[in-house]
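Coordinate inspection notes
Spelled out from the first residue to the last, the chains are:
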Amino acid sequence: EYGIIVREAPFRERLSRVELTTLYIEQQLSAKDIANLYDVTPTTILSLIDEYGIKKRSKSEAFIISNQRNPNVNVDFFKTLSPELAYILGLWATDGSINIQGTISLSLIDKEVIEWVSDIIECKNPVKEMFFDGRKPFYSINFQNPIVKEIFETYEIVHKKTRILKFPTLPEKFIPYFIRGVFEGDGSISVGTTKRGHLEQSITFCGASIEFMKKIK
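The numbers attached to residues start from 1 for each chain and follow its sequence in the written order. Local features in a predicted model are, by the rule used here, given only for residues with pLDDT of at least 70; side-chain atom pairs are given and counted only at 80 or more, and totals for whole chains, interfaces and linings are based on all residues. For side-chain calculations, the full set of non-hydrogen atoms in the structure is used, while hydrogens and water are omitted.

**Things to note about the overall build of the protein chain**
What counts is decided by this rule: Secondary structure elements follow DSSP: runs of H or I no shorter than four residues count as helices, runs of E no shorter than two count as strands, and numbering proceeds from the N terminus. To sort residues, take the accessible area from a 1.4 Å probe on protein chains only and compare it with the maximum for the residue type: under 20% means buried, over 50% means exposed, and anything in between is partly exposed. Between two residues, a contact is recorded if the distance between any of their heavy atoms is within 4.5 Å. The accessible surface values rely on the Shrake-Rupley method and a 1.4 Å probe; as for residues, cover is taken only from the protein chains in view. In summary, the charge assignment counts Lys and Arg as positive and Asp and Glu as negative, without counting His or the chain termini. By convention, the point assigned to a charge is CZ for Arg, NZ for Lys, CD for Glu and CG for Asp.
Summing up its helical and strand segments, the protein chain has 10 helices and 6 strands in all. When its C-alpha atoms are laid out on the principal axes, the protein chain stretches across 110 × 40 × 25 Å. Sorting the 217 residues of the protein chain into buried and exposed places 34% on the buried side. Taking as baseline every contact in the protein chain between residues at least 6 positions apart, the subset at least 24 positions apart corresponds to 61%. Accessible area for the protein chain stands at about 14300 Å²; split by element, carbon and sulfur atoms hold 51% of it. Positive and negative side-chain charges in the protein chain, numbering 28 and 28 respectively, have mean positions lying 8 Å apart.

Structure below.
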């Protein structure tokens, strides 16, 4: 009414360096989380982080924190070896992969098995149905979690493992479950007859790592 203009105080007066450090460094909130608390944009928070000279997280650090706060699988399942985990490790050793970005994937033609795996590890990502060159469908799950990636690496499941795969160190009681998972992924049973007409059965494991195959034998 009287032409008085009320100017909003600079945002830094609402959020001090100490407060921002507590939220961003100690509580490990993201710029987006902090922005939501103060009803501003993430860009505003990032600018203030720069202004205060607070060290920004790298993409890998942000990724680790995000997955720790919002894991897309039950990380605790992978921390304790069990018959189920040993079997799943066998599956991943044969039909699974870890790419350079850290995405952990498993692909199988048996939908029931992949759904069982998804359920037991509590994967929040959906099972995907995929086709390749007009063949029968196969099913895939994938997720990213740096803790699970490190656990897999202790069991020899690494990036580009196909030709360098090693047999993991496992307590003897879990080895049959692991081999069962390997057989599910890369094994087969054939039935035929010999030249003399006798029934003949054979179990075959296939793989590109000689060292791994020798251990299976």
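**Some words on the environment of V73**
With respect to the element layout, V73 can be found in the loop between α4 (59-69) and α5 (75-79). The spacing of V73 and K195 is 122 residues in sequence and 52 Å in space, taken between C-alpha atoms. With near-sequence residues (within four places) excluded, V73 lies in contact with F78, I121, E122, C123, F143 and V148.

**What about the pattern of salt bridges?**
The test is simple: A pairing counts as a salt bridge when a side-chain nitrogen of Lys or Arg comes within 4 Å of a carboxyl oxygen of Asp or Glu.
Under the criterion given, the structure shown has 3 salt bridges. The partner of K79 in a salt bridge is D76, with the nearest N and O atoms 3.6 Å apart. Note that K79 and D76 are positioned in helix α5 at a spacing of 3 residues, about one turn of the helix. Take K79 and D76: they sit in the same class, and that class is exposed. When the shortest N-O distance is used, the salt bridge between E153 and K149 registers 2.8 Å. Here the residue E153 and the residue K149 both occupy positions in helix α8 (residues 146-154), the gap between them amounting to 4 residues, near one helical turn.

**A word on helix α7 (residues 111-120)**
The following threshold applies: Within this analysis, the arc is defined by the directions that extend from the helix axis to the C-beta atoms.
Buried within α7 are the following residues: V113, I114, V117 and S118. The buried residues of α7 occupy an angular sector of 135° when projected down its axis, which confines them to one face. Turned more than 90 degrees off the buried face of α7, the exposed positions are E112 and D119. Packing partners of the buried residues in α7 comprise α6 (83-95), β2 (103-108), β4 (138-144) and α9 (175-186). Trailing α7 by a residue or two, E122 shows a phi angle of about 60°, which is positive.

**Concerning the sheet that holds strand β3 (residues 128-130)**
To keep things clear, this is the line we draw: Note on pairing: DSSP must find at least two bridges between two strands before they are called paired. All axes here are fitted lines through C-alpha atoms, helices being fitted over the stretch that makes contact, and every angle between N-to-C directions spans 0 to 180 degrees.
One open sheet accounts for 4 strands, arranged β1-β2-β4-β3; its pairing is antiparallel. Every interior strand has two partners, whereas the edge strands, β1 (96-98) and β3, have only one. Averaged over all neighbouring strand pairs, the angle between strand axes comes to 25°, with direction disregarded. Where β2 and β4 come together, 6 bridges link them in antiparallel fashion. Paired with T103 across the two strands is Q144, which belongs to β4. Of the strands in this sheet, β2 and β4 touch α7, which is tilted by about 20° from β4.

**Comments concerning the side chain of T103**
Applicable threshold: Any pair of nitrogen or oxygen atoms within 3.5 Å is treated as a polar contact; in protein, a donor-acceptor pairing is required on top of that, and neighbouring residues in sequence qualify only through side-chain atoms on both sides.
Relative to the helices and strands, T103 resides in strand β2. Looking at T103, its side chain comes within polar contact range of the side chain of Q144, at 2.9 Å. Those residues in contact with T103 that lie beyond four places of it in its chain are S97, I98, N142, F143 and Q144.

**Notes on the packing of aromatic side chains**
Here is the rule we go by: Think of it this way: a Phe, Tyr or Trp ring, Trp meaning its six-membered ring, pairs with another when their centres are within 6.5 Å, and the plane angle makes it stacked under 30 degrees, edge-to-face over 60, tilted otherwise. For a ring to carry a charge above it, either NZ of a lysine or CZ of an arginine must fall within 6 Å of the ring centroid while also lying within 35 degrees of the normal to the ring plane.
Here the structure, examined in full by the defined rule, presents 9 aromatic pairs. On the basis of an interplanar angle of 75° and a centroid distance of 5.1 Å, the ring pair of F167 and F178 is categorised as edge-to-face. Of this pair, F167 sits in the loop between α8 and α9 while F178 sits in helix α9, and the two are 11 residues apart along the sequence. For the pair shown, F167 and F178 are each scored as buried. Joined through ring pairs, the aromatic side chains of F77, F78, W92, F143 and F152 make up one cluster. The ring of Y87 has R180 lying over it, and the distance from NZ or CZ to the ring centre is 5.0 Å.

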